[in-house]
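Next come the chains, spelled out residue by residue.
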Amino acid sequence: MNIVLRQISKSFHGRPVLENLDLKVAPGEFHVLLGPSGGGKTTMVSVIAGLTKPDSGSVLINDRDVSLLPPGKRKIGLVFQDCAIFPHLDVFDNIAYGLRVRKQGEANIRQKLKYYLEKTGLEKEKHKFPHQLSGGQKQRTALLRTLVTEPEVLLLDEPMSSLDILTREQISAELVNIQRKTGLTTIYVTHNQAEAFSLGDRISVLHNGKIEQIETPEELFYHPKTEFVARFVGINNILKAKVAATSRREAVMEITNEGLSQSFKLKVKNYPVFKKGEAINLCLHPEKINLSKKNAAIDGGLNRICGKIIKRTNHGNTFKVTVDIRGLALHAVIPKFLFNFQVYEEVWVVFAPDALHPLCGRRCRAPEFSRKCHNDLLTY
Amino acid sequence: MRDILFNLIISLLSGIFMCLIVLPLVALFTTTSWSELAGQFKSPLIVSAVIISFQTSLAVLLAALVFGLPVAYLLAMKNFPGKEILDTLIDLPICMPPLVAGLGLLILLGGESKFGVFLNSRGVDLIFSKPGIVMAQLFVAGPFLIKSSRQAFEAVNKNVTQASRCLGASEFHTFRKVLLPLARNGIYAGMIMTWARALGEFGATSMVAGCIPGRTETMTQAIFGYAMSGEMGSSIAIALLLIVFSFTSLLVFKSRIRKQLPGA
Ligand SMILES: Nc1ncnc2c1ncn2[C@@H]1O[C@H](COP(=O)(O)OP(=O)(O)O)[C@@H](O)[C@H]1O
Ligand SMILES: [Mg+2]
């Protein structure tokens, strides 16, 4: 069951939240919608569900235009950020709600729920009320309440954001498992890039009311196409460059960021978009940067620049290190066991030409979702 | 030191206000004896005033539920042009002197307006009748139910009603199975307030009811009538009854609310 959004626009009080948004989600795809808070993710999901009427544009589910149908007729399942389970009903009645609406007999419902309750470990909780449940149990109830109605597509709006990491990973794993088994087309909304990378077949990044980039997780991380996406996936070194020279394998770039006391040159792997004399933005992956005390010329092919460490923050097993290079702050992620420097120490910043990627802009070719790539991932 | 002074002043001022409420009640309860009171309730006119008051105020409650709940639902759940105006109109009877409402109804239903003339020509005369009293009381007391239910509807998590819709339930099913149960306490509160207000209504009712003893005289009008003609005993007896009703209904309601909120 595919989902297609065509030219969806929606404003609130004259402020556009979604602007001519197009999206195609393939049948059986686990699609992650990634974007900052307040970016319109919930609005988009509720447009698909039929809870919010868009100003213009249409929604197709399974090639059927559902734009004029009420939510209940769209065969969608929606799980809310806050679970939204019925506070006046116990777990059993919550899960049975959709089935009772469909007038499936009580005996039938009891039998069906027994199976599901046992499978999800909610059997013991079935007569508890929502205020007696843990966050994970609530979210499981909400998920089950939706799944028992056998929707054609599943929409999940930040379902894990209020759970602790362990519960989150557990429920995510169960969710992925169910999704792979049933092939239920799923849109999973999150503002958490780590979650997006671990769950999605493809990720689309929502920014300023448009899809900024649609990509497989690998591609999105290593080839962000805009500054926004680069920063959002954690690549916060954006370099403004001018192409000085190109050769078959490499290009030489002159870095011209504002605040730089003196421009410098870098070797970058050559890309077809590089045209001599033209300006382009590059991103430099922080985890591909090494720091070194001496300018030891081990490999002449690497970029080396001298700088000074100005900040170090602690992130579990890594340090995020900020190095000042002639007025430009570069960020590096260094494994703790490799870090033997002092703050304010002079260091050499070393990285290979392929640590840099061009941000060639939004005019991106969205790769089609393919079952093959999906299966590759599975066997992998 | 300053805190002690502050708390002292706060307590003192609160005390003065409490006296204002308690002393008149004490005055009512101490000027009469049980035997005198029991005697008063044998008077058929007083009994009829009590019955009329109950009949009309319960009818008001029913009418407020039938016509007011939809208004509350509209205001809470829908956006439509003129919503602000409707909202203000609902507030108006709460601020407006009830006498003015009564005057309006008197003109509308009496021979002064086309509508009244039309009604009279059909043999419908609402002035000086119980339906007229119900209309007057509904005007004054209905908004309490509407406001309270509206707030209760709005307090229900939107996602919960939307979840119901996504699970395939119609808007009506969602109203019945999700919104009403979750808004129950607010609706009860509104019902109590509307009923108590209707029971105690005087101004609007007196304009349209005409205080015909035994036919259209409610308890509040009887209190006024007896007090003005110097029959204090009867006046006090009815007043005490009203106090007892208001107090018990409030108590019953508060204890119910407490029971229904298990840790939520
Ligand atoms: N019903 C609404 N009325 C007015 N503004 C809204 C409404 N829903 C969302 N918005 C606004 O639209 C923007 C996007 O909201 P939302 O879709 O909830 O973002 P996200 O889910 O990505 O955090 C926000 O600025 C929010 O204030
Ligand atoms: Mg949201």
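Figured I'd write up the structure that's included with this text. Throughout this description, residue numbers start from 1 for each chain and increase along the sequence as written. Working convention: letters from A go to chains and numbers from 1 go to ligands, in the order in which they are written. Thresholds applied to this predicted model are a pLDDT of at least 70 for local features of residues and 80 or more for the giving and counting of side-chain atom pairs; totals over whole chains, interfaces and linings are not thresholded and use all residues. To obtain the side-chain values, all non-hydrogen atoms of the structure were included, while hydrogens and water were left out.

## Some remarks on the layout of surface pockets
To find the voids left in a structure, one rolls a probe of water-molecule size over its atoms. Volume-wise, the largest pocket comes out at about 860 Å³. Method remark: on a 1 Å grid restricted to protein atoms, a set of points is classed as a cavity if a 1.4 Å probe fits but cannot get out and as a pocket if it is open with protein on both sides within 12 Å along at least five of seven lines; lining residues have an atom within 4 Å of a point. Contributing to the lining of the largest pocket are 27 residues, with Leu51(A), Thr52(A), Met77(B), Lys158(B) and Gln162(B) lying nearest its centre. By the criteria applied, helices consist of DSSP H or I runs no shorter than four residues and strands consist of E runs no shorter than two, each listed in order from the N terminus. Breaking the lining of the largest pocket down by element, the ones donating at least two residues are helix H1 (41-49) of chain A together with helix H3 (44-77), helix H8 (158-166) and helix H9 (171-200) of chain B. Ranked by residue count, the leading element in the lining of the largest pocket is H8(B), at five residues. Ten residue types, Ala, Val, Leu, Ile, Met, Phe, Trp, Tyr, Cys and Pro, are classed as nonpolar, four, Asp, Glu, Lys and Arg, as charged, and the remainder, Gly among them, as polar. Class assignment of the residues belonging to the lining of the largest pocket gives a composition of 11 nonpolar, 10 polar and six charged. Grid points are joined across faces, edges and corners, and a volume is the space filled by probe spheres set on the points.

## Remarks on the packing of aromatic side chains
Aromatic contacts are taken between Phe, Tyr and Trp rings whose centres are within 6.5 Å, Trp giving its six-membered ring; a plane angle under 30 degrees counts as stacked, one over 60 as edge-to-face, and the others as tilted. The tally for this structure, following the rule as stated, stands at 15 aromatic pairs over all chains. Between the aromatic rings of Phe339(A) and Phe341(A), the centroid separation amounts to 5.3 Å while the plane-to-plane angle is 75°, which identifies the pairing as edge-to-face. Residue class for Phe339(A) comes out buried when judged on its relative accessible area of 11%. When its relative accessible area of 8% is taken as the criterion, Phe341(A) is described as buried. Each ring, one from Phe202(B) and one from Phe224(B), has its centre 5.1 Å from the other, and the planes form 55°; the classification is tilted. Here the residue Phe202(B) occupies a position in the loop between H9 and helix H10 (203-209), and Phe224(B) occupies one in helix H11 (residues 219-228), the gap between them amounting to 22 residues. Throughout, exposure labels follow a simple rule: accessible area from a 1.4 Å probe, protein chains only, divided by the maximum for the residue type, with under 20% read as buried, over 50% as exposed, and the rest as partly exposed. Exposure remark for Phe202(B): the relative accessible area of 30% places this residue in the partly exposed category.

## A word on the state of the cysteines
Only a pair of cysteine sulfur atoms within 2.5 Å qualifies as a disulfide here. Counted under the stated rule, the structure contains zero disulfides over all chains. No disulfide involves Cys83(A); its sulfur sits 15 Å from that of Cys166(B), the nearest cysteine. The exposure class assigned to Cys83(A) is buried, which follows from its relative accessible area of 6%.

## With respect to the nonpolar core
All names here are of chain A. Of all hydrophobic cores here, the largest spans 43 residues; its most connected members are Ile95, Leu113, Leu117, Leu175 and Tyr188. Sorting elements by how many residues they give to this core places helix H2 (residues 91-101) first, with five residues. Boundary definitions for the domains trace back to an automatic or database domain assignment. Split by domain, the residues of this core number at least three in each of domain 1 (3-228) and domain 2 (229-370). Two residues form a contact once any of their heavy atoms are found within 4.5 Å. Not counting residues up to four positions away in its chain, the partners in contact with tyrosine 188 are Phe30, His31, Val32, Leu33, Leu156, Pro159, Met160, Leu175, Glu195 and Leu199. What makes a nonpolar core is a set of buried Ala, Val, Leu, Ile, Met, Phe, Trp, Tyr and Cys residues whose side-chain atoms join them at distances within 4.5 Å. Judged by nonpolar contacts, the second largest core, of 39 residues, contains Ile3, Val25, Leu51 and Leu78.

## A closer look at the pairing of strand S2 (residues 15-25) of chain A
For a regular strand, the rule is simple: side chains alternate between the two faces of the sheet. When DSSP locates at least two bridges between a pair of strands, those strands are taken to pair. As paired elements, strand S1 (residues 3-12) of chain A and S2(A) share seven bridges and run antiparallel to each other. Among the inter-strand pairings, Ile8(A) is bridged to a residue of S2(A), identified as Leu21(A).

## Observations concerning the interface of chain B and chain A
With 18 residues of chain B at the contact, the number on the chain A side is 22 residues. By buried area we mean the combined loss of accessible area, with a 1.4 Å probe, across both parts when two parts are placed together. Note on chain B versus chain A: buried area summed over both sides is about 1,600 Å², and carbon and sulfur give 68% of it. Area buried by chain B at its contact with chain A is led by Arg165(B), Cys166(B) and Leu167(B), which between them contribute 39% of it. By the criterion applied in these results, polar contacts are pairs of N or O atoms within 3.5 Å in which, for protein atoms, one can donate a hydrogen and the other can accept it, and in which residues neighboring in sequence qualify only through two side-chain atoms. The interface formed by chain B and chain A contains six residue pairs in polar contact (both at pLDDT 80 or more).

## A short note on the site of ligand 1
Residue and element names in this part refer to chain A. Near is defined per residue: the residue qualifies when any heavy atom it owns lies within 4 Å of the molecule or strand. Around ligand 1, the neighbouring residues are Phe12, His13, Arg15, Val17, Pro36, Ser37, Gly38, Gly39, Gly40, Lys41, Thr42 and Thr43. Within the backbone of glycine 38, one N or O atom sits 2.6 Å away from an oxygen atom of ligand 1. Threonine 42 has a polar side-chain atom sitting 2.6 Å from an oxygen atom of ligand 1. With residues, only the protein chains shown are counted as cover, and all accessible areas are computed by Shrake-Rupley using a 1.4 Å probe. Protein contact buries 61% of the 560 Å² of open area that ligand 1 shows by itself. Of all the secondary structure elements, the ones that give two or more residues to the shell around ligand 1 are S2 and H1. Top contributing element to the shell around ligand 1 by residue count: H1, with three residues. Of the residues assigned to the shell around ligand 1, the class counts are three nonpolar, seven polar and two charged.

## Describing the pairing of strand S9 (residues 202-207) of chain A
Residue and element names in this part refer to chain A. A large share of S9 lies buried, amounting to six of its six residues. In S9, alternate side chains face the same way, and those of Arg202, Ser204 and Leu206 on one face and Ile203, Val205 and His207 on the other are all buried. Across four bridges, the pairing between strand S3 (residues 30-34) and S9 is parallel. Along S9, the bridge assignment pairs leucine 33 with serine 204. The pairing of S9 with strand S10 (residues 210-215) spans five bridges and is classified as antiparallel. Residue pairing in the sheet places histidine 207 in a bridge with lysine 210 of S10.

Read these as geometric descriptors, not functional statements.
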